[in-house]
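Residue-level listing of the chains:
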Amino acid sequence: MGDSSRLALGAALVAAIIIGLIYISGGPEQSAEVAQATMEPGQIDGARIINADSEPENWLAHGRTYSEQRYSPLDQINEDTVADLGLAWAFETGTDRGLEASPIVDNGVMYLTGSWSIVYALDALTGELLWEYDPEVPRGWGRYACCDVVNRGVAVWNGKVYFGTIHGHLIALDAKTGEKIWDVDTVDSKPPYTITGAPRIVKDKVIIGNGGAEFGVRGFVTAYDTETGEQVWRFYTVPGNPDEPFEHPELAEAAKTWGGAKWWEMGGGGTAWDSMAYDPDLNTIYIGVGNGSPWNRDIRSPDGGDNLYLSSILAIDPDTGKMKWYYQTTPGESWDYTATQHIILAELDWKGKKRKVLMQAPKNGFFYVIDRETGELLSAEKYVPVVWASHVDMETGRPVENPNNRYSGRWSVVSPIPIGGHNWHPMAYNKDNGLVYIPAMEITSAAEPDVNNFKFRPGSWNLGQDMRTQTDAPPEFFAGKLIAWDPVAGKERWHIQHWGGWNGGVLTTAGNLVFQGTGDGFVKAHNATTGKTLWQAPAGTGVIAPPVTWSKNGEQYITVLAGWGGAYALAYGRAAKAAGVSRGGTVLTFKLGGDAELDPMRYVMDVPEPVGPTEDSQNAELVKMGSEAFADNCAVCHGIGAVGGGVIQDLRYSAPEVFDMYEDIVLNGVMEERGMASFSDVVDADDVRAIRAYIISRAQEGDVPTDPLYMPDYILEELGLAPAADAE
Ligand code: CA
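Sequence positions are assigned chain by chain, starting from 1 and proceeding in written order. Only residues with pLDDT of at least 70 are given local features in this predicted model, and only at 80 or more are side-chain atom pairs given and counted; all residues enter the totals for whole chains, interfaces and linings. Hydrogens and water molecules were not included; the side-chain quantities draw on all heavy atoms of the structure.

1. A short note on the packing of aromatic side chains
Line of reasoning, step 1. Only centres within 6.5 Å qualify two rings of Phe, Tyr or Trp (six-membered ring in Trp) as a pair; their planes then separate them into stacked at under 30 degrees, edge-to-face at over 60, and tilted for everything else. The final tally for this structure, using the stated rule, is 30 aromatic pairs.
Line of reasoning, step 2. Consider the rings of F235 and Y309, whose centres lie 6.3 Å apart with planes at 55°: the pair is tilted. Residue F235 is located in strand 14 (residues 231-236), and its partner Y309 is located in the loop between helix 5 (297-300) and strand 19 (312-316); the two are separated by 74 residues in the primary sequence. No difference in accessibility class separates F235 from Y309, as the two residues are buried.
Line of reasoning, step 3. Both rings, one in W295 and one in W461, keep their centres 6.4 Å apart while their planes meet at 70°; by these two values the pair is edge-to-face. Working definition: helices are DSSP H or I runs of at least four residues, strands are E runs of at least two. Numbering for both runs from the N terminus. Think of it in three bands: residues with accessible area under 20% of the maximum for their type are buried, residues over 50% are exposed, and the middle band is partly exposed, with areas taken using a 1.4 Å probe on protein chains only.

Written out as structure tokens, the structure is:
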């Protein structure tokens, strides 16, 4: 044990004694804050997280508690006072990519992550930067981030701050100084693995998964010793080559559900890139598993089969890494229907009996209630329109699929689309009224199989689907909602319709409030019972992260990261422009009576005119070739159909000199430092010429939105700006 940890232990002991004394002398009312004030920030352990309700002034873990309910007992900000909420401070991260993190707040210090896996420690009262740690992720690795170079936050434990990086490292920092203590490469330097999820810590083990299933990787979850960084266990979510010994017995069972192709050479998928929840009484950690790789099962397992443990919820013993049970939400997954979405643990009155349940709204459109002791399915009801299955059979626990929705050699309607009925954005569960709040999406599109032409390309997108068909839906088909869901009745109680599809995660409080940021650049509070909007403030950019709440010196605060980005903002630019404004990433903190100012228009840029048509851009054959190469290699970051979503450069509006540099950029990687790596391993000079012709041709088309900074009048009015002069 080092000196600093000895000191920390000493401080924790002193704090524990003081807590005891205060409980004897004073009331519990004032005791918590006094005792906590004597504690070094960052001295979080399992006992504190399990008893988090006794110190609601702190936000100790990703979802506040191990149950990940994102419900706070704080009620100073409530339905009667929320109208007085105002900005206390804003901290600029200096980045212009998506922000998705849930800050951890402990004794006045706020720990959070931003784009490119950078960690910040702030004075929670003032927003002043205490320290910053940049893991210097190789910017070229951004090419392997399916869904923006985002990070969903840190875990704090015993004086250390833990986080994953885009290039697959798990790093422990000193919570006081930000100095690195250890650094483990969890993916053996192998792209295209990435980490965007927040680690969870259970019994001195830090648990982390990874992403990359769009590119072709094999998913796994690993537990490391919090002090040393040594590996304790690893659970692979899909089987490897069955001719070789399986790493653990669960994989022998899983391998029986795959067949007809060498799936292990294409990775198989099953990445666990976000959700976990822990039940200390059952000593079980629940982990959500992602989609297959490639997406189309006809390619990775042409003999059919469930392809375990894709799109499953795994119940794992955190001491050993052994599986207790699993529930597969989408057997034989073929639509990118991950079950990595937020898992909430709760006790519900279920047909006259108390049941310990877990709840999830995975991408596939069904809201699941599962007995978390046994894995028994209690309820599965559609929370958004669903085409792929008519219902879930409660006898078998399996979905009843609609015929012809597995592509069957033709295009088919897809709903939800691959972005899901609900993605990573955290839900919240309010135990006072029994409602779950789902940041949902209602989007219908089309998909076409790409089986015959499929060739596995390492380091590139390998879907077995033609991405171009996803452009067919008009922007008005991309709808976002905040749904208040009654999990016992299996029904929606109310919803709020958003302007765009991609909005923030959710927080609910004992003040009978629900907080959510929106893609069109606001932070809002609603009455938790009725959904009525009670308060809103401009965020300056689209908000996708979930708010958290905490208190200090008797004042309650709401903090949320505003930073437009993420998968939808990159890929679905045609619908994603809802962000409207392009301020850089900012941490916003609100309190009652707050009167700080935010200039929401700060980073709006000049937009060059699109370049004129060229001989190449009028060559239909070349443009068609370019559209295919663009869909395969460029669309997920620069937007399907070459329409940017306000995060990464909209290529149609590049300056003319950029069009002269295409080979240098795409083949020679001259813009790697800005996150644009060389793609010379997957495209050649002919492809580059065709892609360029395609983008210029797209710039000339009038049928798509042409102003990437377009803002609807209601946003301009909210910002106190004159509505734009109408184009005649
Ligand atoms: Ca996926």
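2. Brief notes about the sheet that holds strand 29 (residues 435-442)
Backbone-to-backbone hydrogen bonds join strands into a sheet, with any given pair of strands oriented parallel or antiparallel.
Line of reasoning, step 1. Strands pair, by our definition, only if DSSP identifies at least two bridges between them. Read from one edge to the other, the open sheet built from four strands follows the order 28-29-31-32, with strand pairing classed as antiparallel. The open sheet has two edge strands, strand 28 (428-430) and strand 32 (491-498), and neither has a second partner. Across the sheet, the mean angle from the axis of one strand to that of its neighbour is 25°, orientation sign disregarded.
Line of reasoning, step 2. Here strand 28 runs beside strand 29; their pairing, made up of three bridges, is antiparallel. Bridging from a neighbouring strand, A428 pairs with Y437 of strand 29. Fitted lines through C-alpha atoms give the axes, limited to the stretch in contact for helices. The angle between two N-to-C directions lies from 0 to 180 degrees.

3. What about the pattern of salt bridges?
Line of reasoning, step 1. The rule for a salt bridge is simple: a side-chain nitrogen of Lys or Arg has to be within 4 Å of a carboxyl oxygen of Asp or Glu. Taken as a whole and judged by the stated rule, the model has 29 salt bridges.
Line of reasoning, step 2. A salt bridge links R372 to D279, with the nearest nitrogen and oxygen atoms 2.7 Å apart. Linking R372 in the loop between strand 23 (366-371) and strand 24 (377-382) with D279 in strand 16 (residues 276-279), this pair joins segments that are 93 residues apart in sequence. The exposure classification of R372 matches that of D279, with both residues buried.
Line of reasoning, step 3. K481 is the partner of E442 in a salt bridge, and the nearest nitrogen-oxygen pair spans 2.8 Å. With E442 in strand 29 and K481 in strand 31 (residues 479-486), this pair connects stretches of sequence that are 39 residues apart.

4. Concerning the side chain of D148
Line of reasoning, step 1. Its place among the elements puts D148 in the loop between strand 6 (129-133) and strand 7 (155-157).
Line of reasoning, step 2. By relative accessible area, D148 is classed as buried at 0%.
Line of reasoning, step 3. Each polar contact in these results corresponds to two N or O atoms within 3.5 Å; when the atoms are within protein, one needs to be able to donate a hydrogen and the other to accept it, and residues that are neighboring in sequence are counted only if both atoms are side-chain atoms. Within the local environment of D148, its side chain forms a polar contact with the backbone nitrogen of G566, the two atoms lying 2.9 Å apart.
Line of reasoning, step 4. Contact definition: two residues touch when any of their heavy atoms are within 4.5 Å. Not counting residues within four places of it along the chain, the set of residues in contact with D148 comprises R97, G98, I166, G565, G566, L570 and V647.

5. Structural notes on the coordination of the calcium ion
Line of reasoning, step 1. Note that water is not among the atoms used; donors are N, O and S atoms within 2.8 Å of the metal (3.2 Å for Na, K and Ca), so sites may look incomplete. Ligation of the calcium ion by protein atoms is provided by E214 (OE), E214 (OE), N291 (OD1) and D336 (OD), these donors lying 2.3 to 2.9 Å from the ion.
Line of reasoning, step 2. Going along the chain, you hit the donors of the calcium ion in the pattern E-x76-N-x44-D. Of this pair, E214 sits in the loop between strand 12 (205-208) and strand 13 (220-225) while D336 sits in the loop between strand 20 (323-328) and strand 21 (343-350); the two residues are 122 residues apart in sequence, bridging distant segments of the chain. For the pair formed by E214 and D336, the shared burial category is buried.

6. Comments concerning empty space enclosed by the protein
Line of reasoning, step 1. Using only the protein atoms, space was sampled on a 1 Å grid; points where a 1.4 Å probe fits but cannot get out form cavities, open sets with protein on both sides within 12 Å along at least five of seven lines form pockets, and lining residues are those with an atom within 4 Å of a point. Grid points are joined across faces, edges and corners, and a volume is the space filled by probe spheres set on the points. The tally for this structure, following the rule as stated, stands at eight cavities of 30 Å³ or more.
Line of reasoning, step 2. Its boundaries defined by the atoms lining it, the largest cavity holds a volume of some 410 Å³.
Line of reasoning, step 3. If you go around the largest cavity, you meet 33 residues; those closest to its centre are C146, C147, E214, K363 and A567.
Line of reasoning, step 4. The element best represented in the lining of the largest cavity is helix 6 (residues 567-571), accounting for three residues.
Line of reasoning, step 5. Of the residues assigned to the lining of the largest cavity, the class counts are 18 nonpolar, nine polar and six charged.
Line of reasoning, step 6. Of the voids in this model, the second largest cavity is the one considered here, and its volume is about 110 Å³.
Line of reasoning, step 7. Broken down by secondary-structure element, the contributors of at least two residues to the lining of the second largest cavity are strand 7 and strand 11 (200-202).
Line of reasoning, step 8. The element best represented in the lining of the second largest cavity is strand 7, accounting for three residues.
Line of reasoning, step 9. Within the lining of the second largest cavity, the residues separate by chemical class into 11 nonpolar, two polar and two charged. As a working rule, the residues Ala, Val, Leu, Ile, Met, Phe, Trp, Tyr, Cys and Pro are called nonpolar, Asp, Glu, Lys and Arg charged, and the rest polar, with Gly in that last group.

7. A short note on the pairing of strand 26 (residues 398-401)
Line of reasoning, step 1. Pairing of strand 25 (residues 389-393) with strand 26, which is carried by four bridges, proceeds in the antiparallel orientation. Pairing of H391 across the sheet is with V400, part of strand 26.
Line of reasoning, step 2. The turn joining strand 25 and strand 26, which pair antiparallel and follow one another in sequence, is formed by four residues; a positive phi near 75° is taken by G397.

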